[in-house]
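Remarks on the overall topology
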Amino acid sequence: MAQNIYDRPDFFAGYATLERSRRGLDGAPEWPVLRSMLPDLAGKRVLDLGCGYGWFCRWAAEQAAASVVGIDISEKMLAKARVETASAIISFRRADLETLELADGGFDLVYSSLAFHYLPDTEPLYRTINRALRAGGSLVFSVEHPAFTASARAGWITADDGLRFWRLDSYQREGERRTDWFAKGVVKYHRTLATTLNQLIGAGFAVRRIEEFCPSAEQIAADPSLGEEVERPTFLLIAADA
C-alpha cells in the first residue's frame, strides 16, 4: 500500500494550515493554469484521484458535471470531504492508487492534483486511467516538478555573491526521496520529465499540453512570497487525451 501520510495526525494538522487547504482551489496558485487545461465539464463523468477535502469534486459539480467520484487513500481526508459536500452527484471512496481498479470507459475526465508523486511507479496507473476513459476523454493532472523533487538535499543555496538559486542535482537518479514536511520521513518519488511523458505515451495517451507553473506578475504583486517561484518550477501540469 502507498504511504498514507495524510492520516498521520501531525501531517494532517500541518496540511490544514496551507492556503490550498483553507481556501480550496482559490488558494492554489497553479489552479488558474490547471483550470484552463480542463475540457468543458457539462454532462461529463468526472473522477478525481487524490481528492483530499473534495474541493475539485465540488467545483466539477458546479460546472454541471453529470457525476463526480473522488478517491483518496486517507480516511481523514475523505471524512472532511464528506462533511463539506452536499451534492447528490458526488460520491467518495477510499482506494490505493497503486492498486486502483476502474471500469473500462467509465469516465470522461480523470483529474488529479499533487498526488502521483507519492507513487513509486505511475506507469500501471496511467494504463488503468487510459482504459477507464472513454475515447476522446482526458487526463489532467499536476505533480511536483522534477526540478523540484530531484535533489535529496532540496533547498535554496546562496552563493558568495549573494545570488540565491535552487539546488539541482541527482536529476537522472530516479526513485525515492524523503523529506520532513509537517512530519518526518514523508516519502515522495522523483521521475524525470522524459519518464513521465514516455509513460503517458506508452499508456496510449496523446499529450496535449504541458505547463511548468510560474506565477503571473499579478499573482506576485498580490503575494510577494510567490516571487521565488520564478527561479525554479514547483509544479508540472499535464493534459493528455485518450
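Procedures and definitions
- Residues numbered from 1 in each chain as written.
- Predicted model: local features only at pLDDT ≥ 70, side-chain atom pairs only at ≥ 80, totals over all residues.
- Heavy atoms only, no water.
- Buried < 20%, exposed > 50% of the residue type's maximum accessible area, 1.4 Å probe, protein only.
- Helix = DSSP H or I, 4+ residues; strand = E, 2+ residues; numbered from the N terminus.
- Pairing = 2+ DSSP bridges.
- Right-handed = clockwise from strand over helix to strand, strands pointing away.
- Contact = heavy atoms within 4.5 Å.
- Polar contact = N/O pair within 3.5 Å; in protein donor to acceptor, adjacent residues only side chain to side chain.
- Salt bridge = Lys/Arg side-chain N within 4 Å of Asp/Glu carboxyl O.
- Phe/Tyr/Trp six-rings, centres within 6.5 Å; stacked < 30°, edge-to-face > 60°.
- Lys NZ or Arg CZ within 6 Å of the ring centre and 35° of its normal.

What follows is about the pairing of strand β1 (residues 45-49). A large share of β1 lies buried, amounting to four of its five residues. Across five bridges, the pairing between β1 and strand β2 (residues 67-72) is parallel. Across the sheet, residue Leu 49 finds its bridge partner in β2, namely Ile 71. For the handedness criterion, the β-α-β arrangement of β1, helix α4 (residues 55-62) and β2 is classed as right-handed. Bridge count between β1 and strand β4 (residues 107-113): four bridges; the pairing is parallel. Bridge assignment links Asp 48 to a residue of β4, and that residue is Tyr 111.

Turning our attention to the environment of Arg 232. Its location among the elements puts Arg 232 in the loop between α9 (217-222) and β11 (235-241). Distance from Arg 232 to Glu 212, taken between C-alpha atoms, is 9.1 Å for residues 20 residues apart in sequence. Once you skip the residues sitting within four places of it in the chain, Arg 232 turns out to touch Phe 148, Trp 156 and Trp 166. Separated by 2.6 Å, the side chains of Arg 232 and Glu 229 make a polar contact. Side-chain polar atoms of Arg 232 contact the side chain of Thr 234, separated by 2.9 Å.

This paragraph deals with the pattern of salt bridges. Under the definition given, this model contains 11 salt bridges. The partner of Arg 45 in a salt bridge is Asp 108, and the shortest N-O contact between them spans 3.1 Å. In this pair, Arg 45 sits in strand β1 while Asp 108 sits in strand β4, placing the two residues 63 residues apart along the sequence. Of the residues examined, Arg 45 reaches a relative accessible area of 29% and is grouped as partly exposed. A relative accessible area of 8% places Asp 108 in the buried class.

Summed over all chains, the structure comprises 10 aromatic pairs. Ring centres of Phe 56 and Tyr 111 lie 3.6 Å apart, and the angle between their planes is 10°; on these two criteria the pair is classed as stacked. On the criterion of sequence distance, the pair formed by Phe 56 in helix α4 and Tyr 111 in strand β4 is long-range, its members being 55 residues apart. What makes Tyr 111 buried here is its relative accessible area of 2%. Centre to centre, the rings of Tyr 126 and Phe 141 are 5.9 Å apart; their planes meet at 40°, and the pair counts as tilted. In this pair, Tyr 126 sits in helix α6 (residues 123-132) while Phe 141 sits in strand β5 (residues 133-144), placing the two residues 15 residues apart along the sequence. A relative accessible area of 1% means that Tyr 126 is categorised as buried. You can call Phe 141 buried: its relative accessible area is 0%. Members of the aromatic cluster, each reached through a chain of ring pairs, are Trp 31, Phe 56, Trp 59 and Tyr 111. Over the face of the ring belonging to Tyr 53 we find Lys 80, whose NZ or CZ atom lies 5.6 Å from the ring centre.

The values reported here are purely geometric and, on their own, carry no functional implication.
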